[in-house]
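Breakdown of the fold
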Amino acid sequence: MKKLLLIQPSPYEKDGKVIKKKKLYFTGLALPLLAALTPDDWETELIYEVIEDVPFDTDADLIGVSTMGHGVIRSIDIAKEYRRRGKTVILGGYMASIMPEEAVKYCDSLIIGDAELVWQQMLSDFENGNLKKTYEKPLEGNWYSTPSPRFDLLEGKNLGDFLPVQAGRGCPNSCSFCSVSCLYRGRYVKRPLPEVIRDIEQIKSLGYKKILLLDDNIFSDRKYLDSLLDTLIKLDISWMSQCEITIGKDDELLEKLQKSGCTTLSFGLESISRESLISMDKGWAVPAEYDFLIQNIRNHGIDVSTEMVVGGEGDTLESIRMTKDFIERNKISVPRFYILTPFPGTRFFDQIKEEGRLVNNDIYSYDGTSAVYRPKNMTPDELTQAYWELYSELFTIKSIIKRNIFRKEMLSTPARCIFNMGVNLYYRDQIKRRITPNIF
């Protein structure tokens, strides 16, 4: 029997050590899904490096390595080592897909974009000794279909209390810095609801009562989301996801979200500067509305998580300091930040390069924790310092307690608030070591 090894690498710490954790909470969907697309005459093994070691001495015939964010550096190192040992290596994922000219240097074959339509052809070509250097076949139309993920291959791994399900991919918005925009170009592609139900039922049969709805923006199609919520209400499961903040204007939908079991929504707010948002092609988001929208979402019993970037065209040292006040005022439980970074393949990278503002041409050092270009209103060093000061000041014990304990939700959902408190304390330790907290 032929053997396939699929690996989700873990990023490096600043000192070059691979980030390790005792438990994996946010389990990636790509590996179980690719395993489900693999014919029965293949034996498949999944490795999540953050909680287990990569078996470089494997007897697998074919190695598949995922690439995500700044973890791409580790992905390349793993690919290099396997090729040095004579193994055939496939690379795929977001980073490899938006930088194909670079990624193809480090593998025997590269899958660009979604893998579903080319995976079995790639395996067949490998068996016949006719492996192509690249495979690419974009999803067409508004719908796509997948088999049930091979969650059985996760048995024995130390995972959290939820598993991922996907309803759609892509986003109708086209923010200039976003890798999702590079791949889907303003499209949102959905799965048939019976498939989504099937996957949730599978997860429930494994004893889980929570899911992560792993969409890029579940508010992309209001009518589809409404039908999805009708389904979720009947399934008696709690869930979380991410979408755009404008969902906070839709009271009818918010009521239905809460009724369906939605506990938390994550939002990419990016900046409290309107000028910065416009420069990112995200002018539809209005910072002056943020406080109301966050409070309205919370009033419907749904917690709010945020991700933001610093260093946009309208950002100043003062606006970055004011971001701390914004987070504390809105009692954001687990805020996350990155320095706005022009990753190759994005329109933002092309813009910054054309304007001659790059100060660091080593794209493999781009990790979102240090400025690699000249911002409009500060020096790169000032931006990097302001970024770490923002994180440090928000993750003092005083701020953590203020955002997680001294809030009305502490009375209605104390377990959630205490859990978030623990996450904050863990993030605080990472920030002290100059590691940007990551979701795992």
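Calculation rules
Residues numbered from 1 in each chain as written. Predicted model: local features only at pLDDT ≥ 70, side-chain atom pairs only at ≥ 80, totals over all residues. Heavy atoms only, no water. Phe/Tyr/Trp six-rings, centres within 6.5 Å; stacked < 30°, edge-to-face > 60°. Lys NZ or Arg CZ within 6 Å of the ring centre and 35° of its normal. Core = buried A, V, L, I, M, F, W, Y, C linked by side-chain atoms within 4.5 Å. Buried < 20%, exposed > 50% of the residue type's maximum accessible area, 1.4 Å probe, protein only. Helix = DSSP H or I, 4+ residues; strand = E, 2+ residues; numbered from the N terminus. Contact = heavy atoms within 4.5 Å. Pairing = 2+ DSSP bridges. Axes fitted to C-alpha atoms, helices over the stretch in contact; angles between N-to-C directions. Right-handed = clockwise from strand over helix to strand, strands pointing away.

Okay, the packing of aromatic side chains next. What the rule picks out here adds up to 15 aromatic pairs. With a centroid separation of 5.0 Å and an interplanar angle of 70°, the aromatic rings of Y387 and W388 are classed as edge-to-face. By way of ring pairs, the aromatic residues F337, Y387, W388, Y391, F395 and Y427 are connected into one cluster. Its guanidinium or amino end placed over the ring of W143, K190 lies 4.7 Å from that ring's centre, counting from NZ or CZ. Across the ring face of F395, the terminal group of R403 is positioned such that the distance to the ring centre comes to 5.0 Å.

Judged by nonpolar contacts, the single largest core of 125 residues is most densely connected at W119, W239, I247, L257, L265 and F267. Take this core: its biggest share by element is 7 residues, from helix α14 (residues 380–394). Residue contacts for W239: discarding those within four places in its chain leaves I211, L213, I218, L229, L232, L257, S260, G261, C262, T263 and T264.

The next subject is the sheet that holds strand β13 (residues 303–310). Two orientations exist for strands paired in a sheet by backbone hydrogen bonds: parallel and antiparallel. The strand order β7-β10-β11-β12-β13-β14 describes an open sheet built from 6 strands, whose pairing is parallel. Pairing within the sheet leaves two strands with one partner each, and these edge strands are β7 (163–165) and β14 (335–339). Here the average twist between neighbouring strands, direction ignored, is 20°.

What follows deals with the sheet that holds strand β5 (residues 109–112). Taken together, the 6 strands give an open sheet; going across it, the order is β2-β1-β3-β4-β5-β6, and neighbouring strands pair in parallel fashion. The sheet is open, and its two borders are formed by β2 (42–48) and β6 (134–136), each paired with just one other strand. Adjacent strand axes in the sheet meet at a mean angle of 20°, parallel and antiparallel pairs treated alike. The pairing of strand β4 (residues 88–93) with β5 spans 2 bridges and is parallel. In the strand pairing of β5, L91 is matched with L110. In this fold helix α2 (residues 72–84) packs onto β1 (2–8), β3 (62–67) and β4, with an angle of close to 165° to the strand it touches most, β3.

A word on the environment of I339. For I339, the position within the fold is in strand β14. Exposure remark for I339: the relative accessible area of 2% places this residue in the buried category. Between the C-alpha atoms of I339 and C107, which are 232 residues apart in sequence, the distance is 29 Å. Every residue in contact with I339, bar those within four places of it in the chain, is listed here: V310, G368, T369, S370, A371, L383, T384 and Y387.

To continue, consider the pairing of strand β11 (residues 238–242). The sheet contact formed by strand β10 (residues 210–213) and β11 spans 3 bridges and is parallel. Its bridge partner being in β11, K210 is matched across the sheet by S238. For the segment spanning β10, helix α8 (residues 222–235) and β11, crossover handedness is right-handed. Across 4 bridges, β11 lies against strand β12 (residues 262–270) in parallel orientation. Bridging from a neighbouring strand, S241 pairs with L265 of β12. Crossover β11 to β12 through helix α9 (residues 251–259) is right-handed.

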